[in-house]
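# Geometric and topological summary
For reference, the chains in residue letters:
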Amino acid sequence: MKKTYVLLFSMLIACCCFSSKSYAQIPRIPEASSTQTIIQDFGLGKITITYSRPNVKDRKIFGGIIPYGEVWRTGANAATTITFTEKVVIEGNPVPAGTYSLFSIPNKGEWTIILNKVVKQWGAYSYKQDQDFLRFNIKPIRVSEKRETFTMAFVNTTTKSTDLVLVWDKTAAYIHMETDDDAKITANIDELMKGDRKPYYFNAIQYYYENHKDVDKALGWVYEAEKIEPKGPWYKLWESRLLLRKGDKAGAIAAAEAGIALANADKDEEYARLNQEALDQAKR
């Protein structure tokens, strides 16, 4: 019996080694246009883009290998896909959560950007305009630095908005997006503030300040937080900013000066600088 177990074990090891060796020897050829997936946190959700990245390779790009006036897959290989986990507003147009193919029609002075409802398309060969969810136009710009590889990136990102930039060769195009979840975020803050508020004060105050919401409500949270963390220069910073927004310059100056003192005592250079900036602004 023992010999049988040893034999079976040896056979299993041999099979595993053979499988691993066979797998490692499977030939691979890299794609000429590499695939990239980028993910951006946005409001309460995420934006995910998967696309392939062709290179210039000494070719004329727009008006050349990408003809003007024709539908482009906005990349290479399979059509680019973009997924929103929450509803967004793109260039003023509401877009529900979901996954779309991202096509474009480049022209010299204007691009048409297309969200198409059919995903998993190869190129634009089977593209059908009657399956478009949305079309809108943007203005491309010429950039001084050549970008060899087609690149997408999120820039200028805040809690409320972001820009998706498409760059290739010496052309860039920006697509502006905004969140559409302020009501949900505000409701979430209200719910969180019903319990232990300590973990949520900072983010709640920041959101209210950056989105120009109820100043008095945010100030109330600041004063509550200061009782819990009386040595926190960050809350003095928010106090100064909110008081200045209310028009109370004297109060804003006093709060910023207190914040500088707390930061210096704790050798916190960042909040010493931020409170100094708030002080300078309040003194203007």
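Going along each chain's sequence as written, the residues are numbered from 1 onward. Given that this is a predicted model, residues contribute local features only at a pLDDT of at least 70 and side-chain atom pairs are listed and counted only at 80 or more, while totals for whole chains, interfaces and linings are drawn from all residues. Hydrogens and water molecules were not included; the side-chain quantities draw on all heavy atoms of the structure.

An unreviewed UniProt entry annotates the protein chain as DUF2911 domain-containing protein originating from Mucilaginibacter rubeus.

What follows concerns the nonpolar core. Ranked by size, the top nonpolar core spans 32 residues in total, and within it Ile49, Ile82, Phe84, Ile90, Met152, Ile175 and Met177 carry the most contacts. A helix here means a DSSP run of H or I that spans at least four residues, while a strand means a run of E at least two residues long, and both kinds are numbered starting from the N terminus. Here this core takes six residues from strand β10 (residues 161-179), the largest share from any one element. As used here, the term nonpolar core means buried Ala, Val, Leu, Ile, Met, Phe, Trp, Tyr and Cys residues forming a set that is joined through side-chain atoms within 4.5 Å. Using a 1.4 Å probe on the protein chains alone, a residue whose accessible area is under 20% of its type maximum counts as buried, one over 50% counts as exposed, and one in between counts as partly exposed. The next biggest cluster of nonpolar side chains, apart from the first, holds 21 residues, and it includes Ile185, Val215, Ala225 and Ala282.

Our focus in this paragraph is the environment of Glu178. In this fold, Glu178 is placed in strand β10. Residue class for Glu178 comes out partly exposed when judged on its relative accessible area of 37%. In the structure, Glu178 is positioned 77 residues away from Ser101 in sequence and 19 Å away in space, judged by C-alpha atoms. By definition, residues are in contact when any of their heavy atoms lie within 4.5 Å. With near-sequence residues (within four places) excluded, Glu178 lies in contact with Phe42, Val88, Val89, Lys160 and Ser161.

Following both chains from N to C, one finds helix α4 (residues 215-228) and helix α5 (residues 233-246) inclined at 155 degrees, their axes separated by 10 Å at the closest point. In terms of orientation, α4 and α5 fall into the roughly antiparallel class. Considering how the two elements wind past one another, α4 and α5 form a crossing that is left-handed. Facing Val215, Asp216, Ala218, Leu219, Val222, Tyr223, Ala225 and Glu226 of α4, the residues of α5 in contact are Tyr235, Lys236, Trp238, Glu239, Leu242, Leu243, Arg245 and Lys246. Charged residues are taken to be Asp, Glu, Lys and Arg, nonpolar residues to be Ala, Val, Leu, Ile, Met, Phe, Trp, Tyr, Cys and Pro, and polar residues to be all remaining types, Gly included. Among the residues making up the contact of α4 with α5, the classes are represented as 10 nonpolar, no polar and six charged. Think of each axis as a best-fit line through the C-alpha atoms, taken over the contacting stretch in the case of a helix, with angles from 0 to 180 degrees between the N-to-C directions. Any angle between 65 and 115 degrees counts as roughly perpendicular, while under 35 counts as roughly parallel, over 145 as roughly antiparallel, and the rest as oblique. Handedness of a helix crossing follows the sense of rotation of the near helix relative to the far helix, less than a right angle counterclockwise being left-handed and clockwise being right-handed.

Inspection of the secondary structure puts Arg197 in the loop between α2 (182-192) and α3 (201-210). On the basis of relative accessibility, which here comes to 26%, the residue Arg197 falls in the partly exposed class. For the pair Arg197 and Arg245, spaced 48 residues apart in sequence, the C-alpha separation works out to 24 Å. Among residues more than four places away in sequence, those in contact with Arg197 are Trp221 and Glu224. At 2.7 Å, the side chain of Arg197 and the backbone oxygen of Met193 are in polar contact. Polar contact criterion, stated in full: a pair of N or O atoms within 3.5 Å, where within protein one must be able to donate a hydrogen and the other to accept it, and residues adjacent in sequence count only if both atoms are side-chain atoms.

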